[in-house]
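Coordinate analysis (summary)
The residues making up each chain are set out below.
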Protein chains: 2
Amino acid sequence: MNWKDYLAQHQATHLEEFRTFLSIPSISAQPAHAEDVRRAAAWLAERFRRAGFAQAQVMPTAGHPVVYAEHTPFPGKPTVLYYGHYDVQPADNPERWDTPPFQPTVVDGRIVARGASDMKGQVMAFLLAAEALIQTGTLAVNLKVLIEGEEEISSPSLPGFIQAHRELLRSDYIINGDSGQLSETTPLLALGVRGICALEFDLVGPSHDLHSGTWGGQVQNPLHAIAELVASLHSPDGRVAVAGFYDEVEPLSPTLREWYKKIPWDEEEAKRKLGVDEFFGEEGYTPWERMTGRPTLEVNGMWGGYTGPGTMTVIPSSAHAKITCRLVPHQNPEKIVALVKAHLEAHCPKGVRLAVHVREAGAPAFRMAPDHPGCQAAKEVLTELYGVPPVETMFGGSVPILSTLKALLGHDPVSFGFGLEDERIHSPNEFFRLSSFEKGKQGYAMLLGRLAR
Amino acid sequence: MNWKDYLAQHQATHLEEFRTFLSIPSISAQPAHAEDVRRAAAWLAERFRRAGFAQAQVMPTAGHPVVYAEHTPFPGKPTVLYYGHYDVQPADNPERWDTPPFQPTVVDGRIVARGASDMKGQVMAFLLAAEALIQTGTLAVNLKVLIEGEEEISSPSLPGFIQAHRELLRSDYIINGDSGQLSETTPLLALGVRGICALEFDLVGPSHDLHSGTWGGQVQNPLHAIAELVASLHSPDGRVAVAGFYDEVEPLSPTLREWYKKIPWDEEEAKRKLGVDEFFGEEGYTPWERMTGRPTLEVNGMWGGYTGPGTMTVIPSSAHAKITCRLVPHQNPEKIVALVKAHLEAHCPKGVRLAVHVREAGAPAFRMAPDHPGCQAAKEVLTELYGVPPVETMFGGSVPILSTLKALLGHDPVSFGFGLEDERIHSPNEFFRLSSFEKGKQGYAMLLGRLAR
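Cut-offs applied
Residues numbered from 1 in each chain as written. Chains lettered and ligands numbered in written order. Predicted model: local features only at pLDDT ≥ 70, side-chain atom pairs only at ≥ 80, totals over all residues. Domains from an automatic or database assignment. Contact = placed C-beta atoms within 7 Å. Nonpolar A, V, L, I, M, F, W, Y, C, P; charged D, E, K, R; others polar. Least-squares fit on C-alpha atoms with pLDDT ≥ 70 in both. Helix = DSSP H or I, 4+ residues; strand = E, 2+ residues; numbered from the N terminus. Pairing = 2+ DSSP bridges. Axes fitted to C-alpha atoms, helices over the stretch in contact; angles between N-to-C directions.

**Considerations on the domain arrangement of chain A**
Residues and elements named next belong to chain A. Its domain assignment divides chain A into domain 1 (3-193 + 365-451) and domain 2 (195-249 + 295-363). For domain 1 and domain 2, the distance between their C-alpha centroids amounts to 35 Å. Counting from both sides, the interface comprises nine residues of domain 1 and, opposite them, 10 residues of domain 2. For the side of domain 1 that touches domain 2, a count of residues per class yields three nonpolar, five polar and one charged.

**Here's the deal with the relation of the copies chain A and chain B**
When chain A is fitted to chain B, the residual RMSD is 0.1 Å, and the transformation amounts to a turn of 180 degrees plus an axial shift of 0.0 Å. Taken together, the rotation and translation describe the operation of a two-fold axis. Comparing interface residues between copies, 100% of those in chain A also sit at the interface in chain B, which points to an isologous, same-surface contact.

**With respect to the interface of chain A and chain B**
Taken residue by residue, the interface counts 80 residues in chain A and 81 residues in chain B. The element contributing the most residues to the side of chain A that touches chain B is strand β12 (residues 296-305) of chain A, with nine residues. Across the side of chain A that touches chain B, the residue classes break down as 28 nonpolar, 36 polar and 16 charged. Bridge count for β12(A) against strand β12 (residues 296-305) of chain B is five bridges, and the pairing is antiparallel. Bridge pairing in β12(B) links A:M302 to B:G304.

**A word on the sheet that holds strand β19 (residues 431-433) of chain B**
Residues and elements named next belong to chain B. Taken in spatial order, the three strands of this open sheet run β4-β5-β19, and their pairing is antiparallel. Across the chains shown, the open sheet's two edge strands, defined by having one partner strand only, are β4 (105-107) and β19. Between one strand axis and the next, the sheet turns by 25 degrees as a mean value, whatever way the strands run. Inspection of the sheet shows strand β5 (residues 110-112) paired to β19 by three bridges, in the antiparallel sense. Paired with R110 across the bridge in β19 is R433. The strands touched by helix α4 (residues 116-135) within the sheet are β5 and β19, with β19 carrying the most contacts at an inclination of about 45 degrees. Where helix α14 (residues 434-451) meets the sheet, it contacts β5 and β19, and its direction lies at approximately 60 degrees from that of β19.

Below is the structure:
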């Protein structure tokens, strides 16, 4: 039997298994779900063993565990290391989901669940492709698999894990599965991602909540102060107003700007999908340039005071905000955190005390050379799979592991995944197309075949 | 037996009953507590019957019920109507309470519980004073009692209730128990309160939460927009920046400013109590002038995006804020709401849609004449009880019922209560001094005696 028939024969079972995987709420950010994260890891390791991998195990880290599997029966043949993650984003506000986030539901050719697109669907597609090759005796490369449980909290334990297991993870190619395609019909070759850094801050006013009837207008209200401080982070033209923020950012070269112009973009279609009336961003740049070529600073959460139903006449003791920045090449995450912190300190309004908490070490941006042999193989497979060559571009998101893998293992990871940008990742009603799931299985099987040569 | 001995003899039992009353979480703002609100009303009506009132009942309104009690055995004698409320503020964030908010705990002569000071302690003090007079045969006025369950949500049903029961509520004096004293040793005669109006608004950007890595810097982030909009509500000198906000506000007269100067105020002591390093408010006014003579606009809650532990890289679909304004004489609550709404509309940033919700009808400020006979009686009682005459002033908070009672029942309510301003009302660890509880019982008994003449 060839691998295609194998996949076709087991399609229904494989979908059921995908649903089982999705039903485990492996939310790495929330301590209450630590046991679910462990359960997802155990399920996945067991499933890799069942796929025919010679070994698969759950390995401890300082945080959530890593799933490591290998099947390396071909001495002299190349070794491919697959990277992915089995943790998912939180699914707060379940009332904003049309179906429960951890009860996967198939509607109109889409499977709706937290983690469906980001990225349990991709991990399953790779696993099933490898299984099909192993079970039909058509595998011709050595396989290693590294699937972490902390990607959604910026992989705090992974660098240490990789450093401690460099030999184990030695390979000729690295595939990063946490990636996507441009549309259902147009493939994409991702040549880079932006970096990231994150921080959180508190503004503390009175030592306890005060009655706003008595004390309003007499003490600084931390909510007024945080509004003023957050408003100071951007200038009216959409630029980040933090001093020094753009210092290391190189202007986009004319060649790059020409290259960006070739990426298809339908503004009206995008507005409709996002549900916005207008776009708003740094003046003088196209959407793709803003998304991948320019850095950003975004407030991801802000809160303070009474947020329940009705009225509560309170001046809260404190107010809080969470911030992430996306970075382009040459920006150093630690330096950017220091600049943002300095801005907050310099602009902190009277009458409140500032406390800044750095929430993750951060990661620099990552770029790879388009002539890398892994990229060439990916390009050929995508061209065959979609009937058109892939659009080559960068991504706006961050995959901190890419720079980590490159730094620690010495070669460039090739991004090869099947998510699409409308799949509401990090948002209610996340979904994954079943057509992408099928393309993914086939794509990985073809890529592993191609890398064996 | 005289009423003093009666109160002394039953002191321990009365404290136990106060604890029982406090243990009912009668939070009017939260629908989940509607049954608790009803339970508190039933408990209170039953307790008034037991005190010796000829009748006491729970009467329905469009919202939470009213407790009405009466004992009018003296034709030809004056009738005193007591006003209070049995509902309490929410007690969210129980982790910020040293003891559970609805498990009243006595520590160092203070009873700690939500509603202890605002105002179940005051209601109990009045009830027990009336009971002592009735049970010792020393009552000489007619009593009517009106205790509502919606004060903390701005009394939406009370005006309708009063209008429907004007005859029942006819009286010669009205006592408003929702008031306080200046300190443990200095009494206060409250001659007025500020008005209030409240609104809430949403800023809505994309139709769903977006990944901030992909879409950050391309669409307006509702959190950035709300920061900008909230920051626009005040100018750097602490004034409200809403056009027209001060139009009807009369300058403080030289006489009034002289009068304000006589009110004792220890700035260092106040800073220490509030836990602030500095005061911050409208320039050119003293603390008491700011608190009672000038209007304010305060944000009581603001929220949007991810507020849980860790990082979530999201651009939220929407952001929200709750606002209340405190008003001085001549400001019209409806007009102020309209002005704030117009400001929000005029200053709404690009890329988000504004929706304003008016949360309550509002109430104008209330002032009464210091030569009112009820005020004179209160002054005499307070002078006797504290050994010094009361400081005569206004309050910064709002008791919308005062203007309602005056408008619907035709005469001025006299404020006579025993709360102190450091008792953390509307805040975690609210408490009431047991010494104030005792003073309250005696004060009400003395006042009822005085009003009988």
